[in-house]
Amino acid sequence: DDRKDFLRALDEFPFHVILSDYNLPQFDALSALNLVEERYFDVPFIVVTGALDEETAVDTIKSGAWDYVLKENMLRLGPAVQNALALKKQKDKLKAAQQEIRKISSGVAQSPTAMLFTDFSGKVEYVNPRFERMTGYKAEEVITNDLYQVQFAGMWEPHTFEALWKKLLQGEEWRGTLQNTMKNGSLYWERVIISSIRNENQQITNFLVIKEDISKQKQKENEISYLKEFNEAIVNTMSQGILVEDAEGSIIFVNPALLRLTGYEESELIGAP
């Protein structure tokens, strides 16, 4: 009968479809339709009326009605409802797909690792903000450029990159660690993963490159390696014999002085109790 009744009905019942006369005692279809849209209800709304000229019918559809049925032709009501529900199902699928795309896009944009996409020929189509921060290059400076120029120029010989490209075209994933150059000329180490993206026909259409800056990790590894070599050099040149055993009492290290002192070979002692 009126706006209040209609709002109460919207709040109380999960409608699959709404059928409305064009003119109601204290209400009308267009007002009802506006209330549905204000509440973001994506419910099929069909106007069922006894008198609706062509101009009014067009205005009704423009206002957001999914369909209209004249009471003199009620045989069309069933197909109109079926079509509306089928369209609603398609819209729901599209909405879910769009939400999924937005979620993935947001994840890529906010990823803590640098990511870039190329087309099948290796031309860069997209880089995320982390790539810009990590390399110093803006997206517009690398998009449409060849992957070799963006990722490997100056680091690898072209024939080495061609071998990598051949592997990717076979659908294989490539992983590696390499040194690269930032826009300002600074060198940094990065861990790189490149994989192919396939369409529904399993044809390779794009490539995804994931880059992680591991410069600090590489620096620590180098420091640890240097300290290890330094300590080994000291131990190996000492005149005192040194033997190290693990918690179970098995020998895990002997220095040259101990071998000279005991006459044993290293192979005879390592692993022995």
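Just above, that's the structure.
Cut-offs applied
Residues numbered from 1 in each chain as written. Predicted model: local features only at pLDDT ≥ 70, side-chain atom pairs only at ≥ 80, totals over all residues. Heavy atoms only, no water. Helix = DSSP H or I, 4+ residues; strand = E, 2+ residues; numbered from the N terminus. Contact = heavy atoms within 4.5 Å. Areas by Shrake-Rupley, 256 points an atom, 1.4 Å probe, with all protein chains shown as cover. Salt bridge = Lys/Arg side-chain N within 4 Å of Asp/Glu carboxyl O. Buried < 20%, exposed > 50% of the residue type's maximum accessible area, 1.4 Å probe, protein only. Pairing = 2+ DSSP bridges. Axes fitted to C-alpha atoms, helices over the stretch in contact; angles between N-to-C directions.

**Brief notes about the overall build of the protein**
Scanning the protein from N- to C-terminus turns up 11 helices and 12 strands. Seen along its three principal axes, the alpha-carbon backbone of the protein occupies a region of about 115 × 50 × 35 Å. Sequence-distant contacts in the protein: of pairs separated by 6 or more residues, those separated by 24 or more amount to 41%. In the form shown here, the protein has an accessible surface area of approximately 17,500 Å², with 52% of it arising from carbon and sulfur atoms.

**Considerations on the pattern of salt bridges**
Applying the stated criterion to the full structure yields nine salt bridges. We note a salt bridge from Asp 21 to Lys 71, for which the minimum N-O separation is 3.0 Å. Here the residue Asp 21 occupies a position in the loop between β1 (18–20) and β2 (23–24), and Lys 71 occupies one in the loop between β5 (67–70) and α4 (77–109), the gap between them amounting to 50 residues. A salt bridge links Asp 67 to Arg 76, with the shortest nitrogen-to-oxygen separation between them at 2.9 Å. Classification of Asp 67 as buried rests on a relative accessible area of 15%.

**Points about the pairing of strand β12 (residues 251–254)**
Look at any regular strand and the pattern is simple: side chains alternate between the two faces of the sheet. In this structure, strand β11 (residues 243–245) lies alongside β12, joined through three bridges in antiparallel fashion. When the bridges of β12 are listed, Val 244 appears paired with Phe 253. The turn joining β11 and β12, which pair antiparallel and follow one another in sequence, is formed by five residues; a positive phi near 90° is taken by Gly 249.

**Overview of the sheet that holds strand β8 (residues 174–181)**
Here five strands make up an open sheet; going across it, the order is β7-β6-β10-β9-β8 and the pairing antiparallel. The sheet is open, and its two borders are formed by β7 (124–127) and β8, each paired with just one other strand. Strand-to-strand twist of the sheet, defined as the mean angle between neighbouring strand axes without regard to direction, takes the value 25°.

**Re the sheet that holds β1**
The strand order across the open sheet formed by three strands is β1-β4-β5, and the pairing between neighbours is parallel. The sheet is open, and its two borders are formed by β1 and β5, each paired with just one other strand. Neighbour-to-neighbour, the strand axes of this sheet turn through a mean angle of 25°, independent of strand direction. The pairing of strand β4 (residues 45–49) with β5 spans four bridges and is parallel. If you follow Ile 46 over to β5, its bridge partner there is Asp 67. Packing of α4 onto the sheet brings it into contact with β1, β4 and β5, and relative to β4 it is tilted by some 165°.

**Re the side chain of Ser 111**
Within the fold, Ser 111 resides in the loop between α4 and β6 (114–119). Contact partners of Ser 111, with chain neighbours within four places excluded, come to Asn 128 and Arg 130.

**Describing the environment of Asp 1**
Locating Asp 1 in the fold gives a position in the segment before α1 (3–12). Judged by relative accessible area, Asp 1 falls into the exposed class, the value being 59%. For the pair Asp 1 and Leu 147, spaced 146 residues apart in sequence, the C-alpha separation works out to 66 Å. Beyond its immediate sequence surroundings of up to four residues, Asp 1 is in contact with Pro 25, Gln 26 and Phe 27.

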